[in-house]
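Survey of secondary and tertiary structure
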Amino acid sequence: MTLVQPNPAIIEEEPPVSLWRDAWHRLRRNKLAIFGLGVVVLLAFVAISGPYLTPYDFLSQDLAARNQAPSLAHLFGTDDLGRDVFSRVVYGTRTAFLVAVVVTAIALVIGTTLGAIAGFFGEPYDRIIMWLTDMAMSVPNLLLVVVINASLKNPIARWMEAQYMATLNPFYRETIWIDFFLVFGSMALISWPPYARLVRAQVLSIRTRPYITAAMALGLSNRIIMMRYVVPNALGPLIVSVSAGLGTAMVLESAFSFLGVGVNPPTPSWGNMISDGLRVWQHYPHLLAAPAFVLGLASVAFSFLGDGLNDALNPRGTK
Amino acid sequence: MTARNAQERLLDVKGLTVEIDGRRGPAVIVDGIDLHVGKGETLGVVGESGCGKSLTMLSLMRLLPNKIKVTKGTAEFDGRDLHKMSTRELRKVRGGDIGFVFQDPMTSLNPVMRIGDQLCEPLIYHRKMAKADARKRAVELLRLVGIPGPEERLEAYPHELSGGMRQRVMIAIGLACDPKLLIADEPTTALDVTIQAQIVDLVKDLRNKLGMSVVWITHDLALIAGLADRVVVLYAGTVVEDAPVDDLYANPSHPYTRGLLASIPTLSDAPTARLSSIGGTPPEPGRRPAGCPFAPRCPLAMDICRREVPKLEPISSGGSHRAACFAVNKALKAA
Ligand SMILES: Nc1ncnc2c1ncn2[C@@H]1O[C@H](COP(=O)(O)OP(=O)(O)OP(=O)(O)O)[C@@H](O)[C@H]1O
Ligand code: SF4
Ligand SMILES: [Mg+2]
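First, a word on scope: everything that follows refers to the structure included in this document. Keep in mind it's a predicted model, so treat the numbers as computed, not measured. (Residues numbered from 1 in each chain as written. Chains lettered and ligands numbered in written order. Predicted model: local features only at pLDDT ≥ 70, side-chain atom pairs only at ≥ 80, totals over all residues. Heavy atoms only, no water.)

A look at the overall build of chain A
Looking only at helices and strands, one finds 10 helices and zero strands in chain A. Its helices and strands taken in sequence order, chain A reads α-α-α-α-α-α-α-α-α-α from the N to the C terminus. Burial analysis of chain A (319 residues in total) assigns 44% to the buried set. For chain A, restricting intrachain contacts to residue pairs at least 6 apart in sequence, the fraction spanning at least 24 positions comes to 68%. (Helix = DSSP H or I, 4+ residues; strand = E, 2+ residues; numbered from the N terminus. Buried < 20%, exposed > 50% of the residue type's maximum accessible area, 1.4 Å probe, protein only. Contact = heavy atoms within 4.5 Å.)

A look at the coordination of the magnesium ion (ligand 3)
Protein ligation of the magnesium ion (ligand 3) involves Ser54 of chain B (OG) and Gln103 of chain B (OE1), the donor distances falling in the range 1.9 to 2.6 Å. Of this pair, serine 54 of chain B sits in helix 1 (residues 53-60) while glutamine 103 of chain B sits in the loop between strand 6 (98-101) and helix 3 (115-126), and the two are 49 residues apart along the sequence. (Donors = N, O, S within 2.8 Å, 3.2 Å for Na, K, Ca; no water.)

Some words on the pattern of salt bridges
All names here are of chain B. According to the stated counting rule, one finds 24 salt bridges over all chains in the structure shown. Notably, a salt bridge pairs glutamate 8 with lysine 39, separated by 2.9 Å at the nearest N-O pair. In this pair, glutamate 8 sits in the segment before strand 1 (9-22) while lysine 39 sits in the loop between strand 2 (25-38) and strand 3 (42-46), placing the two residues 31 residues apart along the sequence. Its relative accessible area of 10% is what places glutamate 8 among the buried residues. (Salt bridge = Lys/Arg side-chain N within 4 Å of Asp/Glu carboxyl O.)

A closer look at helix 9 (residues 270-279) of chain A
Residue and element names in this part refer to chain A. The buried count for helix 9 comes to seven of 10 residues, which makes it a mostly enclosed element. For helix 9, the full list of buried residues reads Trp270, Gly271, Asn272, Met273, Ile274, Ser275 and Gly277. Looking at the packing, one finds that the buried side of helix 9 touches helix 3 (85-121), helix 8 (222-259) and helix 10 (285-313).

Some words on the pairing of strand 3 of chain B
One face of the sheet, then the other: side chains in a regular strand alternate in exactly this way. Residue and element names in this part refer to chain B. Among the five residues of strand 3, five are classified as buried, and the element is accordingly described as predominantly covered. Side chains Thr42, Gly44 and Val46 project from strand 3 onto one buried face, and the interleaved Leu43 and Val45 project onto a second face that is buried too. Across five bridges, strand 3 lies against strand 8 (residues 213-218) in parallel orientation. Paired with threonine 42 across the bridge in strand 8 is valine 214. (Pairing = 2+ DSSP bridges.)

Here we look at the side chain of threonine 133 of chain A
All names here are of chain A. Mapped onto the secondary structure, threonine 133 falls in helix 4 (residues 125-138). Assessed through its relative accessible area of 0%, threonine 133 is described here as buried. Dropping the residues within four chain positions of it, threonine 133 is found in contact with Trp192, Pro193, Ala196 and Arg197.

Set out below in structure tokens:
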């Protein structure tokens, strides 16, 4: 017997495009998303190469040139200590990205691990983890962070001081690390639950998809199925929420700095610049406008990019 | 064992019982099924939607979903009980000795993996092939199942192929490691009629060429008339009739089988004739009537049918044709 010859009429001709390239095509058609992507890339570039871009040191004071309006010499003017606002905003970008990336990374690791365990192994882990998640989500964020910072900062500072006295290791003098440690830690603590929920839901739904059963029917090992079948299919929504999460983390950091529990001066952060600017905005509006504008831009850019990725990675979603 | 013939059993399932631990307590879905497939034989498994065809086959490979468990019975493949194997041995059987083609071609392929990579997976895993060799074999397989331009298709993602093409790819994956047994679970229900026929022809050719055994699941008796050697009819998780395919068509015995055959339109029917169908619906698992599960829908039901469960008994001289029905047995004894 000969093999059946395929009927050429039933073959659909479509140019072979990969899933990711497909997503890229869709993303490119979305103007807002491209705007978001452009801003994010620009800000990232500024954050990385900040020190080489700034005309002044962010700490150098020029008391003869205080509170100057924007000019060619000082693009965003100067503040009440005569520091160049443009340079401080640029350094603030670095702080914002550092906080956003580190916090999101920590939250992602915690959330993905817990979510995957809950989804994959089911009861009793599922119940315990979901209980933890609900609890973490039900505490008002700002309250939690303020409490942590207020209650932990002094004991840790004292402990560091004692360590320094005992060991004379200069590491223990760097109190800036307490700041970062507490800011990163407390922000990550309130940021992981959405990732845990998302990953759990993803794993739960992917686990019952027919292609997982089909992969098991091929005799593939659990590890291969996890790595090549479950994880890649869960990635799309995760990328989307990470993009949105980065923007949220930046806003959160500014909110904390504004409340005085974020990164402490003199390290420039958009939040503490806004907080300083707010006191004098009637006289020197540029001190408020410059950091507030950049923060707004960053947060809008991340949310446009997130929305764009969401549409691009969901071929069945709205066009 | 004796020389190779259809009597030599490759797959031998005895008393297979599958239960679900549902919200309303445990319910039996598959109720003591006996099945066997000889070497080189093609077995058709027929039954309405929901009668437990897929779960029976999944249970053989220990692929049942959560909360659904095999509670009784044995399933010997090549002399070894699939339900008692270590996970390691079982993985070698899955995809190696037994190829599986799933019901839904649209969702049974990994959407983020290229066709070629999915085809190579079992070859690399079971045959320990190098990537380059596996790709060569993948091209051969795609050509074997009649996919044009196989080299380019390797790079395609599932969503770039039509349903018929995807079903061919699934068959190619099922065949990748030259299985001794191919289990095809309604591989054509999602496709339109011309493509259905093509797929049936394809499997027929491949079976004749490769000499493997096939279990073909369907709810369409007409479709497997030219394909199967023997047919098992399932109703509500039990075997109600088991016969060589020609016997079944010439002499359908169980009222359910007769109902199924009567609901197939034939060319001699007047175009205006109404299609007959079996009234009522099959019982839900857990709400099975006492006695014969078909009794509520059966035109021949008697008192005994509502009290006792009929056993699968031979109704032909050779014993190859069996049915589980009191009315059939009574008629035979009377004759
Ligand atoms: N995951 C599940 N959870 C609960 N019940 C299930 C599940 N899968 C199947 N069932 C039940 O088990 C019974 C048998 O299902 P099965 O999928 O084996 O039917 P089938 O004969 O393959 O039907 P179809 O022709 O529709 O594929 C059905 O009544 C169904 O409701
Ligand atoms: S046993 Fe009775 S009820 Fe069941 S199919 Fe036969 S005649 Fe009908
Ligand atoms: Mg089925």
